[in-house]
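# Structural characterization, general
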Amino acid sequence: MNTTKIPATIVTGFLGSGKTTLLRHILDNADGRRIAVIVNEFGELGIDGDILQGCGIGCDESGAPVEGALYELANGCMCCTVQEEFFPVMQQLAQRRDQLDAILIETSGLALPKPLVQAFQWPEIASAFTVDAVVTVVDTPAAAAGQFAAHPEAVDAQRRADPNLDHESPLHELFEDQLSAADLVVLNKTDGVDAQALAKVQAMVREELPPQVKIVHADHGRLPLDVLMGLGKAAEATIDQRVSHHDHEEDHDHDEFDSFVIDLPAVDRERLLAAVAGIVQAHDVLRVKGFADIPGKPMRLLLQGVGSRLATHFDRPWSAGEARGTRLVFIGQDLDEAALRAALKSALAHG
């Protein structure tokens, strides 16, 4: 029986920061490490798990899924469902600890990492696992654009006038809470900013961190695995001392955020991109991701967007007997679902 605790790396970060890309990089360079993956998605459709399997994670050499390699928790936010969903998965993994070298856990972009880390204090989990590190991934271009405060200049001015005022948006609070739990911060997508913007984000993030927490820079999550894993932080032992905005709440919710799925038939790629871009501009959409059926193409089109930035690529062939179609998840604040559906339908019809 293996009595050594299995190290778990928790990857957190805001919507679209590049967490799944970082996981893909780790697993592509695992070099024989036996790693189980837990992904947690906010919304009705667990697309990240599908993306991971689409690039071979949790599959054997033939492409067939490997039982016990990928666990997907699709019922909302992991910090709200630790007991109902996370605990049973960890019990399963504890039974297979002789077959594991490490665990990777990707939280949803709207999750608070602290309750998840605290779950590793539970006796049944603590006896088998330790949190090797919490890795917080930051979308550097978004942070440089001030995406985590609705009106940063106005907030700063009001704070100077009255330090008792707190006008932080929920996004900014989430961002700070994800940083407060970090053992390592990855400023991702640094190829998308100049040196001045990178320095600005570095300084902003450094203000939120204790001196011992390192900040590293990455493009597409590409970092040596020795930087990301084997840090031995045992974060569950110190997480209670880390202050977050939600420490005194009995519970937290995501009422500020809306998430819904839109299913469509086959669509023209350019028309779809133009329609989605128009909707993102007209509505407060934070994140859009999904798959599309492009007529005449044997492969499925993967679409991911953060703010006004949209990226697509064909990720895998449609499987034999698989129902082709288009499915998009929109996540945002105060979204009018009916208006958004109508706008998308109209844009595709008249694009």
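Please read all numbers here as calculations on a predicted model, not as lab measurements.

## With respect to the overall build of the chain
- Summing up its helical and strand segments, the chain has 12 helices and 12 strands in all.
- The long-range fraction of contacts in the chain, counting pairs at least 24 apart against all pairs at least 6 apart in sequence, stands at 78%.
- For the chain, the exposed surface amounts to about 16100 Å²; the carbon and sulfur share of it is 50%.

## A word on the pattern of salt bridges
- According to the stated counting rule, one finds 9 salt bridges in the structure shown.
- Across the pair Glu270 and Arg269 runs a salt bridge whose closest N-O atoms are separated by 2.4 Å.
- On the accessibility criterion, Arg269 (27% relative accessible area) is partly exposed.
- A salt bridge links Arg300 to Asp315; the nearest nitrogen and oxygen atoms lie 2.6 Å apart. Remark: Asp315 occurs in strand S11 (residues 309-317) and Arg300 occurs in strand S10 (residues 299-306); sequence separation between them is 15 residues.
- A relative accessible area of 2% means that Arg300 is categorised as buried.

## Here we look at the pairing of strand S4 (residues 102-106)
- Summarising burial for S4: 5 of the 5 residues are buried, a large majority.
- Burial along S4 is two-sided: Ala102, Leu104 and Glu106 facing one way and Ile103 and Ile105 facing the other are all buried.

## Notes on the side chain of Ser17
- Note on placement: Ser17 falls in the loop between strand S1 (6-13) and helix H1 (19-28).
- Residue classification places Ser17 among the buried residues on the basis of a relative accessible area of 0%.
- A polar side-chain atom of Ser17 sits 3.3 Å from the main-chain carbonyl oxygen of Val137.
- Beyond its immediate sequence surroundings of up to four residues, Ser17 is in contact with Val137, Val138, Asp139, Asn188 and Lys189.

## Overview of the packing of aromatic side chains
- One pass over the structure, following the stated rule, counts 2 aromatic pairs.
- Measuring from ring centre to ring centre gives 5.4 Å for Phe87 and Trp122, while their planes differ by 70 degrees; the resulting arrangement is edge-to-face. Placement of the pair is Phe87 in helix H3 (residues 82-95) and Trp122 in the loop between helix H4 (113-119) and helix H5 (123-126), with a sequence separation of 35 residues.
- Taking relative accessible area as the criterion, Trp122 reaches 31% and is therefore assigned partly exposed.

## Looking at the environment of Gln99
- In this fold, Gln99 is placed in the loop between H3 and S4.
- Along the chain, Gln99 and Ala36 lie 63 residues apart, while their C-alpha atoms are 9.5 Å from each other.

What counts as what
- Residues numbered from 1 in each chain as written.
- Predicted model: local features only at pLDDT ≥ 70, side-chain atom pairs only at ≥ 80, totals over all residues.
- Heavy atoms only, no water.
- Helix = DSSP H or I, 4+ residues; strand = E, 2+ residues; numbered from the N terminus.
- Contact = heavy atoms within 4.5 Å.
- Areas by Shrake-Rupley, 256 points an atom, 1.4 Å probe, with all protein chains shown as cover.
- Salt bridge = Lys/Arg side-chain N within 4 Å of Asp/Glu carboxyl O.
- Buried < 20%, exposed > 50% of the residue type's maximum accessible area, 1.4 Å probe, protein only.
- Polar contact = N/O pair within 3.5 Å; in protein donor to acceptor, adjacent residues only side chain to side chain.
- Phe/Tyr/Trp six-rings, centres within 6.5 Å; stacked < 30°, edge-to-face > 60°.

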